[in-house]
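# Understanding the architecture of this molecule
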Amino acid sequence: MIYPSFDTLVEKVRDGAARRKVVAVVAAEDDHTLEAVAQARRDGILDACLIGRAGKIRELLAGLGEAAEDFRIVDAEDPAASARRAAELVRDGTVDFVMKGKVQTADLLRAMLSSESGMRTGRLLSHFALVQIPNYHKLIGLTDVAINIAPDLAQKKEIVENAVATMRSIGFEPPKVALLSSAETVNPKMPETAEAAALAELNRGGWLPGCHVDGPISYDLAISAESARIKGYDSPLPGDVDLLVVPHISVGNILLKALRYSAGAASAGIVVGGRVPIVLTSRAVEAQDKFLPLVIAASVSDDQTGIH
């Protein structure tokens, strides 16, 4: 399926879901977080369990014109206690994903990855983003721009597996995958080119059935069929790629920020590879930047999360 925009994905989640997903919001006493969650609830995308100081949460909901009885509110004395309670809900299988509120990322992940949470699956956690680029015809995936700093070949393999599984769960079938580098040839001085070539060869042997994986490939060839034609690059990817895999976090961070701040792109991401997705947004961003990751997490199927 092709999603031309985030609006298309929102419609799919709102109209096509068999049931509303449930998000556990950790340290929910944050107005922008509550605004995003309330919007998603009104849109029929999810239901929410708000964990934190109950009185403050009710006060903020009232300020937003929301009725507290529309949400499940779980009292917790501080962010660490909120995170531990969310971990219990993950373990019990009563929530579909977790969202960061007014809590430090390290404290949230510590609770989520504790032995008590059941979050660990034995897989690497990685970040997956969807990006809406104004001059590209569909949403495009990008990984990993936030979690793994300099992944080796084995870690890159898991990062790709996480992203492909997530995309398939959302409805991209089959995803076309580009392993990005600065050139299309293997250079011994650039290990990422050899790793990309190794993964592409692995896929030719049946690693990700139904997916076409190319690499190393430069960004211009992946995104532009005309550039590939001029350079004589023969592949079904150029101009129709679904997933961009960066060699390390610096490339991903710079690429995503360049697309957002210079090309007018919109983006949203989640952490995948655990039992349930985790929405990790900055506490400084506004409600819309928190809403879109909720949509992505809610669009991931039950088969992908492994619960219910």
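Now for a quick tour of the structure. Predicted model only: the values in this text are computed from it and were never measured. (Residues numbered from 1 in each chain as written. Predicted model: local features only at pLDDT ≥ 70, side-chain atom pairs only at ≥ 80, totals over all residues. Heavy atoms only, no water.)

## Quick word on empty space enclosed by the protein
- For the structure shown, the criterion picks out two cavities of 30 Å³ or more.
- The calculated volume of the largest cavity comes to roughly 60 Å³.
- Mapped by element, the contributors of at least two residues to the lining of the largest cavity are β7 (176–180) and α7 (191–204).
- Ranked by residues supplied to the lining of the largest cavity, first place goes to α7 with three residues.
- Split by residue class, the lining of the largest cavity holds seven nonpolar, no polar and two charged.
- Put simply, the second largest cavity is a space of about 40 Å³.
- Thr143, Asp144, Asn148, Pro151, Lys156, Ile159, Val245 and Val246 together form the lining of the second largest cavity.
- A per-class count over the lining of the second largest cavity returns four nonpolar, two polar and two charged. (1 Å grid on protein atoms, 1.4 Å probe; cavity = no way out; pocket = protein on both sides within 12 Å on 5 of 7 lines; lining within 4 Å. Points joined across faces, edges and corners; volume = space filled by probe spheres on them. Helix = DSSP H or I, 4+ residues; strand = E, 2+ residues; numbered from the N terminus. Nonpolar A, V, L, I, M, F, W, Y, C, P; charged D, E, K, R; others polar.)

## Details of the pairing of strand β3 (residues 72–75)
- Relative to β3, strand β2 (residues 46–52) is paired through four bridges, and the arrangement is parallel. What sits directly across from Ile51, in β3, is Val74.
- You can see the chain leave β2, run along helix α3 (residues 54–63) and come back into β3, and the turn it takes is right-handed. (Pairing = 2+ DSSP bridges. Right-handed = clockwise from strand over helix to strand, strands pointing away.)

## A few points about the environment of Ser224
- Take Ser224: it is sitting in the loop between α8 (219–223) and α9 (225–231).
- Setting aside anything within four residues of it in sequence, one finds Ser224 in contact with Pro238 and Gly239. (Contact = heavy atoms within 4.5 Å.)

## Focus on helix α10 (residues 249–262)
- Between the first and last C-alpha of α10 there are 19 Å, a value that for 14 residues agrees with the 20 Å anticipated at 1.5 Å per step.
- Each element contacted by the buried residues of α10 is listed here: β5 (126–132), β6 (140–143), β7, α8 and β10 (266–272). (Expected span 1.5 Å × (residues − 1).)

## Here's the deal with the packing of aromatic side chains
- If you walk through the whole model with that rule in mind, you get one aromatic pair.
- Over the ring of Phe71 we find Arg41; its NZ or CZ atom is 5.6 Å from the centre of that ring. (Phe/Tyr/Trp six-rings, centres within 6.5 Å; stacked < 30°, edge-to-face > 60°. Lys NZ or Arg CZ within 6 Å of the ring centre and 35° of its normal.)

## Section: the pairing of β10
- A large share of β10 lies buried, amounting to six of its seven residues.
- Of the strand pairs in this sheet, β5 and β10 are connected by seven bridges, and their pairing is antiparallel. Bridge pairing in β10 links Ser126 to Val272. (Buried < 20%, exposed > 50% of the residue type's maximum accessible area, 1.4 Å probe, protein only.)

## Re the pattern of salt bridges
- Inspection of the entire model under this criterion finds 22 salt bridges.
- The salt bridge partner of Asp15 is Arg14, with a shortest N-O separation of 3.4 Å.
- Since its relative accessible area comes to 58%, Asp15 is described here as exposed.
- A salt bridge links Arg123 to Glu158, with the nearest nitrogen and oxygen atoms 3.8 Å apart. In this pair, Arg123 is assigned in the loop between α5 (105–112) and β5 and Glu158 in helix α6 (residues 153–170), connecting sequence segments 35 residues apart.
- With a relative accessible area of 35%, Arg123 lands in the partly exposed category. (Salt bridge = Lys/Arg side-chain N within 4 Å of Asp/Glu carboxyl O.)

## Focus: α5
- Within the span of α5, buried status applies to Leu108, Ala111 and Met112. Along the long axis of α5, the arc covered by the buried residues comes to 100°, so they all point the same way.
- Each element contacted by the buried residues of α5 is listed here: β1 (21–26), α4 (79–92), β4 (97–100) and β11 (278–279). (Arc of directions from axis to C-beta.)

## Some details on unusual backbone geometry
- Of note, the amide linkage connecting Thr143 to Asp144 takes the cis form, showing an omega dihedral of -10°.
- Mapped onto the secondary structure, Asp144 falls in the loop between β6 and α6.
- Here the phi dihedral of Ala27 falls at roughly 55°; this positive angle occurs in a residue that is not glycine.

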